[in-house]
Amino acid sequence: MPVQLPTFEDGYGLTCCVCGVTEATSISLKQTKKRVAKYDTPQGEVFLRAWIETKPRESLYVNWARSVCFENDPPPKMTTQKIEDVLQIVESAYNLTVRATVCASFRVPIAELPERGIIRPLLLDGKSARVSIRMTGASFTLTGLPTSRLKWYVVNPKEDAKIVHVDLKGYGKFGVSQTYLSEIWRWIYEQFTVFVLGRGRIDPNSQTE
């Protein structure tokens, strides 16, 4: 079955980068060059890049990013017009288990942040007789959870329609299959919805074996 592709259907997600280090196995991966292609989603075009490195450890790398991320920078140079050529690299690691480092970026309007969430309360002005202070960014280290780091900053602090950019980093254990990419995206997006949007709860033991 073909690899399921993430679609960024909510509109918050921007990028996701995954480094999956294989566990001990009798199956060996072959090193590959980076392959890049793009595919269409409801949120516009998405660039997908994948490659395998065998030193110092066998690792499967997969990155995907919406084209909106490259409005001010050159987009990735495509190596193929066929997304299947990129997915073949993921398919070559089918049935392996990897310990993955997952980094993802999101953007969300401040108006959509919960009043009692992690970020919104920090945006309040602090004032004294002559000084006004407003926090426009912060970085948190988290322990005992799948997510180890949350970093955020206000993209346009001087404009009325303020947007917050959020970076998340987490660690998990995953099986490589046709749902590998979509499963990882759902997993990191769950962290985002809890810590940033204030929805649901995180299981501390989720994917942290």
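Refer to the structure above for everything that follows.
Residues numbered from 1 in each chain as written. Predicted model: local features only at pLDDT ≥ 70, side-chain atom pairs only at ≥ 80, totals over all residues. Heavy atoms only, no water.

## As for the overall build of the protein
So, point 1. Of regular secondary structure, the protein possesses two helices and ten strands.
So, point 2. When the helices and strands of the protein are listed from N to C terminus, the series reads β-β-β-β-α-β-β-β-β-β-β-α.
So, point 3. In the protein, buried positions account for 41% of the 209 residues.
So, point 4. When contacts within the protein are restricted to residue pairs at least 6 apart in sequence, long-range pairs at least 24 apart make up 66% of them.
So, point 5. Surface accessibility of the protein: about 11,800 Å² in total, with carbon and sulfur atoms responsible for 49%. (Helix = DSSP H or I, 4+ residues; strand = E, 2+ residues; numbered from the N terminus. Buried < 20%, exposed > 50% of the residue type's maximum accessible area, 1.4 Å probe, protein only. Contact = heavy atoms within 4.5 Å. Areas by Shrake-Rupley, 256 points an atom, 1.4 Å probe, with all protein chains shown as cover.)

## Structural notes on the sheet that holds strand β10 (residues 163-175)
So, point 1. Taking strand neighbours across the sheet as the criterion, the eight strands line up as β2-β3-β4-β1-β5-β10-β9-β8 in an open arrangement whose pairing is antiparallel. The outermost strands of the open sheet, each flanked by one partner alone, are β2 (35-41) and β8 (137-141). Between one strand axis and the next, the sheet turns through 15° on average, direction left out of account.
So, point 2. Both strand β3 (residues 44-53) and strand β4 (residues 59-66) contribute to a ladder of eight bridges, which runs antiparallel. Looking across to β4, one finds that E53 is bridged to S59.
So, point 3. Packed onto the sheet, helix α1 (residues 83-91) meets β2, β3 and β4 and runs at close to 115° relative to β2.
So, point 4. Each of β1 (13-22), β3, β4, β5 (97-109), β9 (147-154) and β10 is contacted by helix α2 (residues 180-195), which is oriented at about 130° to β10, the strand it contacts most. (Pairing = 2+ DSSP bridges. Axes fitted to C-alpha atoms, helices over the stretch in contact; angles between N-to-C directions.)

## Quick notes on the pairing of β8
So, point 1. Note: β8 against β9, five bridges, orientation antiparallel. Looking at β9, one finds that T141 is bridged to R149.
So, point 2. Counted between consecutive antiparallel strands, the loop separating β8 from β9 contains five residues, among which G144 sits at a positive phi close to 75°.

## Quick look at α2
So, point 1. Across its 16 residues, α2 extends 23 Å between first and last C-alpha, which sits within 8% of the 22 Å expected from 1.5 Å per residue.
So, point 2. Burial runs high along α2: 13 of the 16 residues are buried. (Expected span 1.5 Å × (residues − 1).)

## Some words on the nonpolar core
Most often, soluble globular proteins keep nonpolar side chains buried together rather than apart.
So, point 1. W64 and Y180 are the most contacted members of the largest nonpolar core, which totals 53 residues.
So, point 2. The leading source of residues in this core is α2, at nine residues.
So, point 3. With residues near it in sequence (within four places) discarded, Y180 still touches V18, G20, L60, V90, V98, F174 and G175. (Core = buried A, V, L, I, M, F, W, Y, C linked by side-chain atoms within 4.5 Å.)

## Notes on the packing of aromatic side chains
So, point 1. By the definition in use, this model includes ten aromatic pairs.
So, point 2. Ring centres of Y12 and F192 lie 5.6 Å apart, and the angle between their planes is 50°; on these two criteria the pair is classed as tilted. With Y12 in the segment before β1 and F192 in helix α2, the pair connects residues that are 180 residues apart, well separated along the chain. The exposure classification of Y12 matches that of F192, with both residues buried.
So, point 3. Ring centres of W185 and Y189 lie 6.3 Å apart, and the angle between their planes is 25°; on these two criteria the pair is classed as stacked. Taken as a pair, W185 and Y189 lie in helix α2 at a separation of four residues, close to a single helical turn. Neither residue differs from the other here; W185 and Y189 are each classed as buried. (Phe/Tyr/Trp six-rings, centres within 6.5 Å; stacked < 30°, edge-to-face > 60°.)

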